[in-house]
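Residue-level structural notes
Residues per chain are reported as follows:
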Amino acid sequence: MSFAALTDRPIVFAHTGDAERPFTAHVDGLTLLVQVNDFPAEPLYTVFADGSRLGDLEDWPPAWTRPELPPNLRDLAARTPGGPGLLGQVVPLDPAALHAWTRALCEAPAPDARGALLALRFGGAIVKDDFGRPELRPPPAQAEWARVDERDGQLRGLEFKPGPVPVTRAALEAELGPGREYPRVHFDSPFTLTYFVTVPAAPFACDVVAYFRDQPGPATAAYEISLRRHAARPDPAP
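These notes cover the structure that comes with them. None of these values were measured; they are calculated from a predicted model.

Scanning the protein from terminus to terminus reveals 6 helices and 15 strands. When burial is assessed residue by residue, the protein has 46% of its 238 residues classed as buried. Taking contacts inside the protein between residues at least 6 apart in sequence as the whole, the part at least 24 apart equals 48%.

Before going further, it helps to examine helix α6 (residues 169–176). Buried within α6 are the following residues: R169, L172 and L176. Taken end-on, α6 shows its buried residues confined to a sector of 65 degrees, consistent with a single buried face. G177 occupies a position one or two residues after α6 and carries a positive phi of about 85 degrees.

In terms of nonpolar packing, the biggest core is built from 34 residues, with L98, W101, F122, L158, F160 and L227 touching the most fellow members. Mapped by element, the contributors of at least two residues to this core are α4 (95–107), α5 (113–119), β10 (143–151), β11 (154–162), α6, β13 (191–197), β14 (205–212) and β15 (224–230). Examining the composition of this core, we find that 6 residues originate from one element, α4, more than from any other. Sequence-distant contacts of L98, that is, excluding residues within four places in its chain, are made with L93, F160, V167, L172, I225 and L227.

This part is about the pairing of β10. Note that β10 and β11 share 8 bridges and pair antiparallel. Bridge assignment links R151 to a residue of β11, and that residue is Q154. Between the end of β10 and the start of β11, which pair antiparallel, lie 2 residues, with D152 showing a positive phi angle near 55 degrees.

Calculation criteria
- Residues numbered from 1 in each chain as written.
- Predicted model: local features only at pLDDT ≥ 70, side-chain atom pairs only at ≥ 80, totals over all residues.
- Heavy atoms only, no water.
- Helix = DSSP H or I, 4+ residues; strand = E, 2+ residues; numbered from the N terminus.
- Buried < 20%, exposed > 50% of the residue type's maximum accessible area, 1.4 Å probe, protein only.
- Contact = heavy atoms within 4.5 Å.
- Arc of directions from axis to C-beta.
- Core = buried A, V, L, I, M, F, W, Y, C linked by side-chain atoms within 4.5 Å.
- Pairing = 2+ DSSP bridges.

Purely geometric numbers; function is a separate question.
Dropping the structure here:
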């Protein structure tokens with residue numbers, strides 16, 4: 001199997017306890033080890049199989065799932081050049097994670113992006129993409145990218161593009177309840193479903209918005225998902 005094909009496979013890693021090579025997994029009889037390098041002078045990761053180097057990675061593959069680091073390694077990672085690559089969110093993108101992140105977003109008192117993202121345990125770096133849009137790198141496991149919506153110094157929300165594991169309407173509604181479908185503005189506008197998340201006494205109100213290219217049925221997968229934070233609860237009534 002090629003290295004590129006390997007990075008497309010869903011693989012769940014465990015931690016080794018070693019700060020230099022913190023992640024390991026067993027695949028097809030091989031023991032994989034992921035090394036964290038001196039980024040940005042070197043590629044962020046190097047992958048080994050039974051001691052032989054397979055290749056380098058600039059980002060964590062969306063299909064791979066990392067474990068949560070133990071506290072001692074999180075403290076060490078925060079002091080190393082490769083720290084942002086180690087401290088990124090490790091929970092895979094799925095409806096349960098979206099629900100938990102949205103509740104945390106409502107409850108996080110810090111208005112700025114960095115403070116709020118740390119409350120969600122997103123410890124990666126905020127960098128600009130090729131179009132100048134701020135992104136969280138690395139993104140959550142099983143997400144192709146995660147964009148950060150910060151305006152006037154306050155975090156307004158997050159946008160995710162699901163990766164190889166689809167997030168369907170049925171899965172969202174099993175976790176979040178029925179979504180509200182708003183009329184489309186134009187014939188080529190996406191179909192959207194909004195799920196309101198209420199956390200009593202939280203300083204913010206939040207919702208999850210799923211975007212679909214076609215009229216969504218139960219098995220239809222969202223192509224983008226947004227978490228939005230508001231100063232006050234929007235009125236969900238028609």
